[in-house]
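Commentary on secondary and tertiary structure
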Amino acid sequence: MRSILFVCLGNICRSPLAEAILRSQAEAKGMALRIDSAGTGSWHIGEPPCDHSVRVAKAHGLDIAAYRARQVCPGDADAFDVIVALDAKNVADLKRMGMANVYKLGDFGYGGEDVPDPYFFPGFEGFEKVFTMIETCCTTLMTRLATGLE
Ligand code: 4NP
């Protein structure tokens, strides 16, 4: 089974949304995919996603309340076929860990843009924007996974 790991900084805002969105798209298409998410940082290990991410997911019919944050580890490079980072800093951090199979989510639909870190946005609106960005890019990512990423 193909496997994908989404990576952001804290694993409490962006990458849990990416995990849930791609999982739901894969289920809808009947595509067998193992999907997980992790953070480059250790601050939030074991914590649930942030309230705004839980809320925006719920508004779109996805339940991420039971997700728990974990930190990315070197073994993830072998454990997952594809690692998809949410921003350029995440890409750089993963490459510094020696990972080669790293992609950036914004390259699948937003001209290489970073998915901005909504943790530092005031209010809820940033999370709707981030949800839309992730959903759009995941739709393309799904197609590319079916046809070959390279
Ligand atoms: P995320 O957001 O990377 O989308 O999960 C963040 C969450 C927490 C922190 C940074 C980003 N933090 O510094 O604690």
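The name that an unreviewed UniProt entry assigns to the protein chain is protein-tyrosine-phosphatase, with the source organism given as Sulfurimonas diazotrophicus. Of the comments in the UniProt record for the protein chain, the one headed Sequence similarities (unreviewed entry) reads "Belongs to the low molecular weight phosphotyrosine protein phosphatase family."

Tracing the sequence through the fold places Lys 104 in strand E4 (residues 102-104). A polar atom in the side chain of Lys 104 sits 2.8 Å from the backbone oxygen of Gly 112. Here Lys 104 is in contact with Val 84, Ala 85, Asp 87, Ala 88, Val 91, Gly 112, Glu 113 and Asp 114, once residues within four sequence places are set aside.

Moving on to the packing of helix H2 (residues 51-59) against helix H5 (residues 125-147). Between H2 and H5, the least distance of the axes is 10 Å, while the angle of their chain directions is 55°. Here H5 runs oblique to H2, going by the angle between their axes. Along this stretch, H2 crosses H5, giving a crossing that reads as right-handed. Contacts between H2 and H5 involve His 52, Ser 53, Val 56 and Ala 57 from the former and Phe 127, Glu 128 and Phe 131 from the latter.

As a further point, take helix H1 (residues 14-29). The end-to-end C-alpha distance of H1, which contains 16 residues, comes to 23 Å, matching closely the 22 Å that a straight helix rising 1.5 Å per residue would cover. Looking at H1, one finds that the buried residues are Arg 14, Ser 15, Pro 16, Leu 17, Ala 18, Glu 19, Ala 20, Ile 21, Leu 22, Gln 25 and Ala 26. Next to the buried residues of H1 lie strand E1 (2-8), strand E2 (33-39), H2, helix H4 (88-96) and H5. Trailing H1 by a residue or two, Gly 30 shows a phi angle of about 70°, which is positive.

Cut-off values and rules
- Residues numbered from 1 in each chain as written.
- Predicted model: local features only at pLDDT ≥ 70, side-chain atom pairs only at ≥ 80, totals over all residues.
- Heavy atoms only, no water.
- UniProt positions renumbered as here; feature names shortened; annotations may be inferred.
- Helix = DSSP H or I, 4+ residues; strand = E, 2+ residues; numbered from the N terminus.
- Polar contact = N/O pair within 3.5 Å; in protein donor to acceptor, adjacent residues only side chain to side chain.
- Contact = heavy atoms within 4.5 Å.
- Axes fitted to C-alpha atoms, helices over the stretch in contact; angles between N-to-C directions.
- Parallel < 35°, antiparallel > 145°, perpendicular 65-115°, else oblique.
- Left-handed = near helix turned anticlockwise from the far one by under 90°.
- Expected span 1.5 Å × (residues − 1).
- Buried < 20%, exposed > 50% of the residue type's maximum accessible area, 1.4 Å probe, protein only.

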